[in-house]
Amino acid sequence: MEPEHDAEIGLDPTDWDAFEALGQRMVHDLRAQWETVRERPVWQPVDPALRAALAAAPVPESGAPADAVYDEFARTVARYPLGNTHPRFWGWVVGSGSPGGALADLLASAMNPNVSGLRSAAIDVEEQVLRWFGDLFGMPGASGLLTSGGSMANLLGLATGLEARAGFDLAGEGLRAAPRPLTLYASRDTHSSVDKAVRLLGLGTRALRKIATDAAGRIDVAALAETIRADRAAGCQPFLLVGNAGTVGIGAVDPLDRLADLAAEEGLWFHVDGAFGACAWLVDALRPALAGMERADSLAFDPHKWLHAPMEAGCLLVRDGALHRRAFTMPAPYLRPIAGTVGEDGQRFADVGMQLTRGFRALKLWFELKHHGVGVYRKLVAQNVAQARLLAERVRAEPELELMAPVPLNIVCLRYRGDGLAAAESDALNLALLQRLHQSGVAVPSATTLAGGFALRACITNHRTRRADLDHFVEAVLAQGRALVRERAQWVAVG
Ligand SMILES: *Cc1c(COP(=O)(O)O)cnc(C)c1O
(Lines give C-alpha, C1' and ligand atoms only; values in the text may rest on other atoms or scores of the structure.)
Protein backbone atom coordinates (compact mmCIF):
# COMPACT_ATOMS: atom_id res chain seq x y z
CA MET A 1 0.00 0.00 0.00
CA GLU A 2 1.20 3.54 -0.79
CA PRO A 3 2.10 5.60 2.30
CA GLU A 4 -0.32 8.45 2.79
CA HIS A 5 1.05 11.93 2.15
CA ASP A 6 -0.27 14.76 4.28
CA ALA A 7 -0.55 18.05 2.46
CA GLU A 8 2.73 19.88 2.92
CA ILE A 9 2.71 22.96 5.07
CA GLY A 10 4.60 26.22 5.73
CA LEU A 11 4.36 29.31 7.88
CA ASP A 12 3.10 31.84 5.34
CA PRO A 13 -0.35 33.36 5.87
CA THR A 14 -3.17 31.53 4.09
CA ASP A 15 -4.96 34.87 3.75
CA TRP A 16 -2.57 37.60 2.63
CA ASP A 17 -5.25 40.29 2.78
CA ALA A 18 -5.81 39.51 6.45
CA PHE A 19 -2.05 39.63 6.99
CA GLU A 20 -1.83 43.07 5.42
CA ALA A 21 -4.80 44.32 7.43
CA LEU A 22 -3.22 43.08 10.64
CA GLY A 23 0.01 44.90 9.79
CA GLN A 24 -1.94 48.09 9.22
CA ARG A 25 -3.72 47.65 12.54
CA MET A 26 -0.39 47.22 14.30
CA VAL A 27 1.07 50.37 12.77
CA HIS A 28 -2.15 52.23 13.57
CA ASP A 29 -1.97 51.16 17.23
CA LEU A 30 1.73 51.99 17.43
CA ARG A 31 1.05 55.45 16.13
CA ALA A 32 -1.54 55.97 18.88
CA GLN A 33 0.93 54.71 21.49
CA TRP A 34 3.68 57.05 20.36
CA GLU A 35 1.38 60.03 19.93
CA THR A 36 -0.04 59.75 23.46
CA VAL A 37 2.97 58.42 25.37
CA ARG A 38 3.36 61.63 27.35
CA GLU A 39 -0.16 61.30 28.78
CA ARG A 40 0.44 57.90 30.29
CA PRO A 41 2.34 56.93 33.46
CA VAL A 42 6.03 56.37 32.71
CA TRP A 43 5.83 52.90 34.22
CA GLN A 44 3.49 50.69 36.16
CA PRO A 45 4.11 47.36 37.86
CA VAL A 46 3.18 44.38 35.68
CA ASP A 47 -0.19 43.02 36.82
CA PRO A 48 0.58 40.01 39.07
CA ALA A 49 -2.28 38.08 37.45
CA LEU A 50 -0.66 38.55 34.04
CA ARG A 51 2.71 37.44 35.34
CA ALA A 52 1.16 34.36 36.89
CA ALA A 53 -0.73 33.57 33.68
CA LEU A 54 2.43 33.93 31.58
CA ALA A 55 4.39 31.79 33.99
CA ALA A 56 1.79 29.02 33.93
CA ALA A 57 0.59 28.80 30.30
CA PRO A 58 1.84 25.68 28.47
CA VAL A 59 3.06 25.79 24.87
CA PRO A 60 -0.01 25.63 22.62
CA GLU A 61 -0.10 22.46 20.55
CA SER A 62 -2.34 24.08 17.99
CA GLY A 63 -2.55 27.72 17.08
CA ALA A 64 -4.98 30.61 16.96
CA PRO A 65 -5.56 33.27 14.30
CA ALA A 66 -2.86 35.93 14.22
CA ASP A 67 -5.54 38.54 14.96
CA ALA A 68 -6.41 36.79 18.18
CA VAL A 69 -2.77 36.54 19.23
CA TYR A 70 -2.33 40.22 18.52
CA ASP A 71 -5.46 41.04 20.54
CA GLU A 72 -4.00 39.15 23.48
CA PHE A 73 -0.67 40.98 23.09
CA ALA A 74 -2.40 44.38 22.98
CA ARG A 75 -4.49 43.51 26.06
CA THR A 76 -1.59 42.16 28.11
CA VAL A 77 2.08 42.50 27.16
CA ALA A 78 1.75 45.88 25.41
CA ARG A 79 0.18 47.44 28.50
CA TYR A 80 3.30 47.02 30.62
CA PRO A 81 6.25 48.55 28.80
CA LEU A 82 9.54 49.43 30.46
CA GLY A 83 8.66 53.07 29.94
CA ASN A 84 11.75 54.18 28.06
CA THR A 85 9.67 55.55 25.21
CA HIS A 86 8.29 58.09 27.73
CA PRO A 87 9.82 61.58 28.02
CA ARG A 88 10.46 61.16 31.76
CA PHE A 89 12.35 57.87 31.70
CA TRP A 90 15.92 58.60 32.80
CA GLY A 91 16.89 55.39 34.57
CA TRP A 92 20.20 53.55 33.99
CA VAL A 93 21.37 54.33 30.45
CA VAL A 94 18.51 53.46 28.13
CA GLY A 95 17.76 55.00 24.76
CA SER A 96 14.21 55.83 23.72
CA GLY A 97 14.18 54.19 20.30
CA SER A 98 12.39 55.80 17.37
CA PRO A 99 9.35 55.04 15.20
CA GLY A 100 11.51 55.02 12.06
CA GLY A 101 13.98 52.67 13.72
CA ALA A 102 11.14 50.30 14.59
CA LEU A 103 9.89 50.23 11.00
CA ALA A 104 13.42 49.63 9.74
CA ASP A 105 13.71 46.74 12.20
CA LEU A 106 10.60 45.26 10.65
CA LEU A 107 12.21 45.52 7.21
CA ALA A 108 15.41 43.97 8.56
CA SER A 109 13.64 40.96 10.00
CA ALA A 110 11.50 40.58 6.90
CA MET A 111 14.59 40.53 4.65
CA ASN A 112 16.13 38.28 7.29
CA PRO A 113 19.68 38.05 5.94
CA ASN A 114 22.42 36.31 7.88
CA VAL A 115 24.97 39.13 8.06
CA SER A 116 27.98 36.93 8.78
CA GLY A 117 29.57 37.55 5.42
CA LEU A 118 27.27 35.78 3.02
CA ARG A 119 26.77 38.07 0.07
CA SER A 120 23.70 40.29 0.29
CA ALA A 121 23.44 44.08 0.24
CA ALA A 122 23.10 43.93 4.03
CA ILE A 123 26.89 43.42 4.18
CA ASP A 124 27.44 46.65 2.26
CA VAL A 125 24.95 48.54 4.40
CA GLU A 126 26.77 47.47 7.57
CA GLU A 127 30.12 48.38 5.95
CA GLN A 128 28.72 51.81 5.14
CA VAL A 129 27.35 52.41 8.64
CA LEU A 130 30.67 51.32 10.17
CA ARG A 131 32.54 53.66 7.81
CA TRP A 132 30.23 56.50 8.85
CA PHE A 133 30.87 55.72 12.52
CA GLY A 134 34.63 55.60 11.96
CA ASP A 135 34.46 59.04 10.33
CA LEU A 136 32.06 60.47 12.93
CA PHE A 137 33.98 59.24 15.98
CA GLY A 138 37.47 60.24 14.94
CA MET A 139 38.66 56.81 13.75
CA PRO A 140 38.39 56.97 9.95
CA GLY A 141 39.21 53.70 8.24
CA ALA A 142 38.81 51.69 11.43
CA SER A 143 37.69 48.09 11.35
CA GLY A 144 34.38 47.58 13.11
CA LEU A 145 31.43 45.47 14.04
CA LEU A 146 27.89 46.04 15.22
CA THR A 147 27.29 44.07 18.40
CA SER A 148 24.46 43.30 20.78
CA GLY A 149 25.58 46.20 22.96
CA GLY A 150 28.40 47.84 24.89
CA SER A 151 29.09 44.78 27.04
CA MET A 152 29.84 42.70 23.96
CA ALA A 153 31.80 45.55 22.36
CA ASN A 154 33.93 45.83 25.51
CA LEU A 155 34.48 42.07 25.59
CA LEU A 156 35.52 41.96 21.93
CA GLY A 157 37.73 45.04 22.31
CA LEU A 158 39.51 43.52 25.29
CA ALA A 159 39.88 40.18 23.48
CA THR A 160 41.44 41.98 20.52
CA GLY A 161 43.84 43.87 22.79
CA LEU A 162 44.78 40.70 24.66
CA GLU A 163 45.57 38.82 21.47
CA ALA A 164 47.50 41.80 20.09
CA ARG A 165 49.61 42.45 23.17
CA ALA A 166 50.05 39.04 24.81
CA GLY A 167 53.43 38.48 23.15
CA PHE A 168 53.17 34.68 23.38
CA ASP A 169 51.10 32.01 21.61
CA LEU A 170 47.83 32.91 23.25
CA ALA A 171 45.70 31.44 20.45
CA GLY A 172 47.40 28.05 20.65
CA GLU A 173 48.60 27.67 24.22
CA GLY A 174 46.17 29.88 26.09
CA LEU A 175 46.85 31.86 29.22
CA ARG A 176 48.73 29.04 30.89
CA ALA A 177 51.61 29.87 28.53
CA ALA A 178 51.87 33.42 29.89
CA PRO A 179 55.43 33.86 31.17
CA ARG A 180 54.24 36.55 33.58
CA PRO A 181 50.81 37.45 35.03
CA LEU A 182 48.94 39.73 32.63
CA THR A 183 47.46 42.88 34.17
CA LEU A 184 45.17 45.61 32.93
CA TYR A 185 44.01 48.95 34.24
CA ALA A 186 40.83 51.00 34.57
CA SER A 187 39.35 53.48 37.00
CA ARG A 188 37.29 52.15 39.88
CA ASP A 189 34.22 53.80 38.30
CA THR A 190 34.50 51.63 35.17
CA HIS A 191 31.39 49.69 34.10
CA SER A 192 30.94 46.15 35.41
CA SER A 193 30.88 44.79 31.85
CA VAL A 194 34.66 45.34 31.80
CA ASP A 195 35.05 43.16 34.91
CA LYS A 196 32.79 40.59 33.27
CA ALA A 197 34.91 40.63 30.11
CA VAL A 198 38.09 40.19 32.15
CA ARG A 199 36.52 37.22 33.88
CA LEU A 200 35.29 35.63 30.66
CA LEU A 201 38.72 36.02 29.08
CA GLY A 202 40.10 33.91 31.90
CA LEU A 203 42.30 36.67 33.28
CA GLY A 204 40.60 36.74 36.67
CA THR A 205 39.05 39.93 38.00
CA ARG A 206 42.06 40.68 40.20
CA ALA A 207 44.16 41.17 37.06
CA LEU A 208 42.09 44.30 36.52
CA ARG A 209 43.66 46.99 38.67
CA LYS A 210 41.02 49.49 39.79
CA ILE A 211 42.59 52.91 39.98
CA ALA A 212 41.31 55.69 42.27
CA THR A 213 39.34 58.61 40.84
CA ASP A 214 39.34 62.29 41.75
CA ALA A 215 36.37 64.28 43.08
CA ALA A 216 35.08 64.62 39.51
CA GLY A 217 35.19 60.84 38.95
CA ARG A 218 38.22 60.91 36.61
CA ILE A 219 41.01 58.39 36.86
CA ASP A 220 44.03 59.49 38.93
CA VAL A 221 46.75 59.29 36.27
CA ALA A 222 49.63 59.54 38.77
CA ALA A 223 48.22 56.64 40.78
CA LEU A 224 47.76 54.71 37.52
CA ALA A 225 51.38 55.25 36.45
CA GLU A 226 52.58 54.22 39.90
CA THR A 227 50.48 51.04 39.86
CA ILE A 228 51.85 50.07 36.44
CA ARG A 229 55.40 50.70 37.69
CA ALA A 230 54.84 48.62 40.82
CA ASP A 231 53.28 45.79 38.79
CA ARG A 232 56.26 45.68 36.46
CA ALA A 233 58.62 45.65 39.44
CA ALA A 234 56.62 42.72 40.85
CA GLY A 235 57.07 40.78 37.58
CA CYS A 236 53.66 41.37 36.00
CA GLN A 237 52.98 42.11 32.33
CA PRO A 238 50.71 45.17 31.95
CA PHE A 239 48.99 44.90 28.55
CA LEU A 240 45.87 47.04 28.40
CA LEU A 241 44.39 50.28 29.67
CA VAL A 242 40.67 51.15 29.65
CA GLY A 243 39.67 54.80 29.47
CA ASN A 244 36.13 55.99 30.17
CA ALA A 245 34.34 58.42 27.89
CA GLY A 246 31.41 58.83 30.27
CA THR A 247 31.30 56.66 33.39
CA VAL A 248 28.00 55.00 34.08
CA GLY A 249 27.70 56.59 37.54
CA ILE A 250 28.03 60.30 36.84
CA GLY A 251 29.25 60.57 33.22
CA ALA A 252 32.86 61.38 34.08
CA VAL A 253 35.35 61.47 31.22
CA ASP A 254 38.88 60.28 32.02
CA PRO A 255 41.75 62.48 30.73
CA LEU A 256 41.91 60.42 27.55
CA ASP A 257 44.83 62.27 25.97
CA ARG A 258 47.02 61.57 28.99
CA LEU A 259 45.87 57.96 29.04
CA ALA A 260 46.73 57.63 25.34
CA ASP A 261 50.20 59.04 26.08
CA LEU A 262 50.72 56.65 28.95
CA ALA A 263 49.47 53.67 26.94
CA ALA A 264 51.92 54.59 24.16
CA GLU A 265 54.84 54.93 26.60
CA GLU A 266 54.02 51.64 28.31
CA GLY A 267 53.12 49.69 25.17
CA LEU A 268 49.56 49.06 26.37
CA TRP A 269 46.49 48.54 24.21
CA PHE A 270 44.21 51.55 24.75
CA HIS A 271 40.53 50.65 24.86
CA VAL A 272 37.91 53.35 25.41
CA ASP A 273 34.49 52.54 26.84
CA GLY A 274 32.29 55.27 25.42
CA ALA A 275 29.01 53.36 25.70
CA PHE A 276 26.97 56.55 25.75
CA GLY A 277 29.55 59.31 26.34
CA ALA A 278 31.30 58.76 23.01
CA CYS A 279 28.29 60.45 21.39
CA ALA A 280 29.38 63.74 22.98
CA TRP A 281 32.15 63.62 20.34
CA LEU A 282 29.46 64.50 17.77
CA VAL A 283 28.96 67.93 19.38
CA ASP A 284 31.62 70.56 18.62
CA ALA A 285 31.29 72.20 22.04
CA LEU A 286 31.64 68.89 23.91
CA ARG A 287 34.40 67.28 21.81
CA PRO A 288 37.37 68.95 23.54
CA ALA A 289 36.43 67.21 26.80
CA LEU A 290 36.90 63.86 25.00
CA ALA A 291 40.22 64.75 23.36
CA GLY A 292 42.30 61.59 23.07
CA MET A 293 39.35 59.30 22.36
CA GLU A 294 40.42 59.32 18.70
CA ARG A 295 43.73 57.76 19.74
CA ALA A 296 42.08 54.59 21.06
CA ASP A 297 43.17 51.23 19.69
CA SER A 298 39.57 50.15 20.22
CA LEU A 299 36.41 52.07 21.02
CA ALA A 300 33.13 50.63 22.30
CA PHE A 301 29.90 52.59 22.12
CA ASP A 302 26.17 51.96 22.00
CA PRO A 303 23.91 53.25 19.23
CA HIS A 304 21.00 51.84 21.28
CA LYS A 305 21.73 54.37 24.00
CA TRP A 306 22.34 57.95 22.87
CA LEU A 307 21.61 57.40 19.16
CA HIS A 308 18.20 55.91 20.04
CA ALA A 309 18.46 52.85 17.83
CA PRO A 310 15.90 50.28 18.97
CA MET A 311 17.55 47.57 21.08
CA GLU A 312 19.95 46.01 20.25
CA ALA A 313 22.85 47.86 18.68
CA GLY A 314 26.33 48.27 20.09
CA CYS A 315 29.46 49.02 18.11
CA LEU A 316 33.16 48.22 18.33
CA LEU A 317 35.74 50.13 16.29
CA VAL A 318 39.31 48.83 16.07
CA ARG A 319 42.03 50.98 14.54
CA ASP A 320 44.12 48.11 13.15
CA GLY A 321 41.94 45.80 11.08
CA ALA A 322 44.61 43.10 10.85
CA LEU A 323 44.82 42.85 14.64
CA HIS A 324 41.03 42.86 14.85
CA ARG A 325 40.81 39.89 12.47
CA ARG A 326 43.65 38.07 14.17
CA ALA A 327 41.63 37.81 17.37
CA PHE A 328 38.59 36.13 15.79
CA THR A 329 39.33 34.51 12.44
CA MET A 330 38.76 30.76 12.59
CA PRO A 331 38.84 28.96 9.22
CA ALA A 332 36.52 26.01 8.65
CA PRO A 333 35.92 23.89 5.54
CA TYR A 334 32.19 24.64 5.47
CA LEU A 335 32.86 28.40 5.60
CA ARG A 336 35.49 28.54 2.84
CA PRO A 337 34.99 31.41 0.35
CA ILE A 338 34.03 30.10 -3.08
CA ALA A 339 34.17 32.58 -5.98
CA GLY A 340 30.98 33.15 -7.92
CA THR A 341 28.73 31.97 -5.05
CA VAL A 342 26.77 33.51 -2.19
CA GLY A 343 29.71 32.58 -0.01
CA GLU A 344 32.33 34.25 -2.22
CA ASP A 345 33.56 36.64 0.46
CA GLY A 346 33.82 34.16 3.29
CA GLN A 347 32.89 35.31 6.73
CA ARG A 348 33.54 39.04 6.66
CA PHE A 349 31.86 39.91 9.98
CA ALA A 350 32.15 36.53 11.65
CA ASP A 351 35.91 37.03 11.28
CA VAL A 352 35.88 40.07 13.60
CA GLY A 353 33.59 38.91 16.40
CA MET A 354 32.03 35.98 18.20
CA GLN A 355 28.77 35.66 16.25
CA LEU A 356 28.43 33.63 13.07
CA THR A 357 24.74 34.07 12.35
CA ARG A 358 24.05 37.78 12.74
CA GLY A 359 20.96 39.91 12.21
CA PHE A 360 20.64 43.02 10.08
CA ARG A 361 21.32 45.51 12.91
CA ALA A 362 22.74 48.06 10.52
CA LEU A 363 19.47 48.81 8.73
CA LYS A 364 17.80 50.72 11.56
CA LEU A 365 20.93 52.88 11.89
CA TRP A 366 21.23 53.39 8.13
CA PHE A 367 17.55 54.23 7.81
CA GLU A 368 17.41 56.75 10.66
CA LEU A 369 20.74 58.40 9.86
CA LYS A 370 19.58 58.91 6.27
CA HIS A 371 16.14 60.07 7.37
CA HIS A 372 17.17 62.59 10.05
CA GLY A 373 20.76 63.30 9.10
CA VAL A 374 23.50 63.19 11.71
CA GLY A 375 22.90 66.90 12.37
CA VAL A 376 19.74 66.01 14.26
CA TYR A 377 21.64 63.52 16.43
CA ARG A 378 24.27 66.15 17.22
CA LYS A 379 21.49 68.50 18.35
CA LEU A 380 19.77 65.79 20.40
CA VAL A 381 22.97 65.02 22.33
CA ALA A 382 23.56 68.74 22.93
CA GLN A 383 19.91 69.14 23.97
CA ASN A 384 20.16 66.39 26.60
CA VAL A 385 23.37 67.88 27.99
CA ALA A 386 21.73 71.32 28.19
CA GLN A 387 18.73 69.74 29.93
CA ALA A 388 20.99 68.02 32.47
CA ARG A 389 22.71 71.33 33.22
CA LEU A 390 19.33 73.00 33.66
CA LEU A 391 18.20 70.26 36.03
CA ALA A 392 21.43 70.64 37.99
CA GLU A 393 20.78 74.40 38.25
CA ARG A 394 17.29 73.80 39.55
CA VAL A 395 18.58 71.32 42.12
CA ARG A 396 21.25 73.78 43.27
CA ALA A 397 18.65 76.50 43.60
CA GLU A 398 16.34 74.39 45.82
CA PRO A 399 17.47 74.40 49.46
CA GLU A 400 15.60 71.12 50.04
CA LEU A 401 17.58 69.34 47.30
CA GLU A 402 21.23 68.42 47.09
CA LEU A 403 23.29 67.95 43.93
CA MET A 404 25.39 64.86 44.69
CA ALA A 405 27.99 64.98 41.89
CA PRO A 406 29.35 67.19 39.13
CA VAL A 407 27.43 67.08 35.83
CA PRO A 408 30.02 66.71 33.05
CA LEU A 409 27.53 65.31 30.51
CA ASN A 410 23.92 64.18 30.82
CA ILE A 411 23.71 62.59 34.29
CA VAL A 412 22.37 64.39 37.34
CA CYS A 413 22.66 62.80 40.79
CA LEU A 414 20.57 64.36 43.50
CA ARG A 415 18.68 63.73 46.69
CA TYR A 416 16.07 65.19 48.93
CA ARG A 417 17.71 66.76 51.95
CA GLY A 418 15.56 66.13 54.99
CA ASP A 419 16.48 68.51 57.81
CA GLY A 420 18.69 66.98 60.48
CA LEU A 421 18.58 63.43 59.09
CA ALA A 422 21.42 61.03 59.84
CA ALA A 423 23.14 59.51 56.79
CA ALA A 424 21.29 56.17 57.05
CA GLU A 425 17.97 57.99 57.41
CA SER A 426 18.66 60.14 54.39
CA ASP A 427 19.45 57.00 52.37
CA ALA A 428 16.19 55.40 53.51
CA LEU A 429 14.16 58.50 52.72
CA ASN A 430 15.56 58.77 49.21
CA LEU A 431 15.09 55.07 48.56
CA ALA A 432 11.42 55.46 49.54
CA LEU A 433 11.25 58.54 47.33
CA LEU A 434 12.58 56.55 44.36
CA GLN A 435 9.94 53.88 44.98
CA ARG A 436 7.18 56.50 45.02
CA LEU A 437 8.40 58.12 41.81
CA HIS A 438 8.37 54.77 40.02
CA GLN A 439 5.10 53.51 41.53
CA SER A 440 3.27 56.73 40.77
CA GLY A 441 4.54 56.68 37.19
CA VAL A 442 5.67 60.31 37.41
CA ALA A 443 9.30 59.73 36.43
CA VAL A 444 11.83 56.92 36.32
CA PRO A 445 15.28 57.95 37.46
CA SER A 446 17.48 55.12 38.77
CA ALA A 447 19.71 55.11 41.84
CA THR A 448 23.37 54.89 42.68
CA THR A 449 25.52 55.09 45.76
CA LEU A 450 28.13 57.83 45.77
CA ALA A 451 30.62 58.97 48.39
CA GLY A 452 27.84 61.16 49.82
CA GLY A 453 25.37 58.26 50.04
CA PHE A 454 22.31 57.03 48.17
CA ALA A 455 21.40 59.25 45.22
CA LEU A 456 18.63 59.50 42.65
CA ARG A 457 20.28 59.39 39.24
CA ALA A 458 18.73 60.92 36.12
CA CYS A 459 20.60 59.98 32.93
CA ILE A 460 18.98 61.87 30.08
CA THR A 461 19.43 59.88 26.88
CA ASN A 462 15.93 60.71 25.71
CA HIS A 463 14.89 62.59 22.57
CA ARG A 464 11.37 63.16 23.93
CA THR A 465 12.39 64.96 27.11
CA ARG A 466 11.44 68.64 27.24
CA ARG A 467 12.42 71.24 29.82
CA ALA A 468 8.91 71.13 31.31
CA ASP A 469 9.48 67.44 32.13
CA LEU A 470 12.40 68.40 34.34
CA ASP A 471 10.24 70.94 36.20
CA HIS A 472 7.58 68.27 36.64
CA PHE A 473 10.21 65.92 38.07
CA VAL A 474 11.64 68.49 40.48
CA GLU A 475 8.14 69.37 41.73
CA ALA A 476 7.40 65.67 42.28
CA VAL A 477 10.66 65.11 44.18
CA LEU A 478 9.90 68.09 46.42
CA ALA A 479 6.31 67.05 47.04
CA GLN A 480 7.18 63.42 47.75
CA GLY A 481 10.18 64.39 49.85
CA ARG A 482 8.04 66.65 52.01
CA ALA A 483 5.37 63.98 52.34
CA LEU A 484 7.99 61.43 53.39
CA VAL A 485 9.36 63.73 56.06
CA ARG A 486 5.82 64.05 57.42
CA GLU A 487 5.30 60.28 57.31
CA ARG A 488 8.70 59.53 58.70
CA ALA A 489 7.72 56.43 60.67
CA GLN A 490 6.85 54.56 57.48
CA TRP A 491 10.10 54.73 55.62
CA VAL A 492 12.30 54.52 58.69
CA ALA A 493 10.58 51.18 59.27
CA VAL A 494 11.12 49.91 55.70
CA GLY A 495 14.54 51.43 55.30
C1 LIG B 1 25.58 50.62 29.30
C2 LIG B 1 27.04 50.63 29.48
C3 LIG B 1 27.82 49.51 29.16
C4 LIG B 1 27.18 48.20 28.73
O5 LIG B 1 26.51 48.33 27.51
P6 LIG B 1 25.26 47.38 27.16
O7 LIG B 1 24.78 47.91 25.86
O8 LIG B 1 24.26 47.58 28.27
O9 LIG B 1 25.74 46.00 27.11
C10 LIG B 1 29.18 49.60 29.28
N11 LIG B 1 29.76 50.74 29.71
C12 LIG B 1 29.06 51.85 30.03
C13 LIG B 1 29.76 53.08 30.48
C14 LIG B 1 27.66 51.82 29.94
O15 LIG B 1 26.93 52.90 30.25
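No experiment lies behind these values; they were computed from the predicted model shown.

With respect to a nonpolar patch on the surface
Taken together, the side chains of Met26, Val27, Leu103 and Leu106 make up a nonpolar region of the molecular surface, amounting to roughly 340 Å² of accessible area. At the level of elements, helix 1 (16-35) and helix 4 (99-111) are the ones that each hand at least two residues to the nonpolar patch. Following the sequence through the fold, Val27 ends up in helix 1. Here Val27 falls in the partly exposed class, since its relative accessible area comes to 43%.

What about the site of the ligand?
The ligand sits among 15 residues. The nearest are Gly150, Ser151, Asp273, Asp302 and Lys305. For the ligand, an oxygen atom lies 2.8 Å from a polar atom in the backbone of Gly150. Contact distances for the ligand include 2.6 Å between a nitrogen atom and a side-chain N or O atom of Asp273. Ranked by residue count, the leading element in the shell around the ligand is helix 6 (residues 150-165), at three residues.

Side note on the layout of surface pockets
For the largest pocket, the calculated volume is near 1,400 Å³. Along its surface, the largest pocket is lined by 41 residues, and Leu30, Gln33, Trp34, Phe73 and Ala102 are the ones closest to its centre. Elements that contribute at least two residues to the lining of the largest pocket include exactly helix 1, helix 3 (66-75) and helix 4. In terms of residue count, helix 1 provides more of the lining of the largest pocket than any other element does, nine residues in total. Tallied by class, residues from the lining of the largest pocket come to 26 nonpolar, eleven polar and four charged. Size it by volume and the second largest pocket reaches roughly 560 Å³. Lining the second largest pocket are 26 residues, with Ala327, Phe328, Thr329, Met330 and Ala350 positioned closest to its centre. Of all the secondary structure elements, the ones that give two or more residues to the lining of the second largest pocket are helix 6, helix 7 (170-173) and helix 12 (321-328). Split by residue class, the lining of the second largest pocket holds 16 nonpolar, five polar and five charged.

What counts and what doesn't
- Residues numbered from 1 in each chain as written.
- Predicted model: local features only at pLDDT ≥ 70, side-chain atom pairs only at ≥ 80, totals over all residues.
- Heavy atoms only, no water.
- Patch = residues over 30% accessible without salt bridge, like charges linked within 9 Å, V, L, I, M, F, W, Y side chains within 5 Å.
- Areas by Shrake-Rupley, 256 points an atom, 1.4 Å probe, with all protein chains shown as cover.
- Salt bridge = Lys/Arg side-chain N within 4 Å of Asp/Glu carboxyl O.
- Helix = DSSP H or I, 4+ residues; strand = E, 2+ residues; numbered from the N terminus.
- Buried < 20%, exposed > 50% of the residue type's maximum accessible area, 1.4 Å probe, protein only.
- Near = heavy atom within 4 Å.
- Polar contact = N/O pair within 3.5 Å; in protein donor to acceptor, adjacent residues only side chain to side chain.
- 1 Å grid on protein atoms, 1.4 Å probe; cavity = no way out; pocket = protein on both sides within 12 Å on 5 of 7 lines; lining within 4 Å.
- Points joined across faces, edges and corners; volume = space filled by probe spheres on them.
- Nonpolar A, V, L, I, M, F, W, Y, C, P; charged D, E, K, R; others polar.

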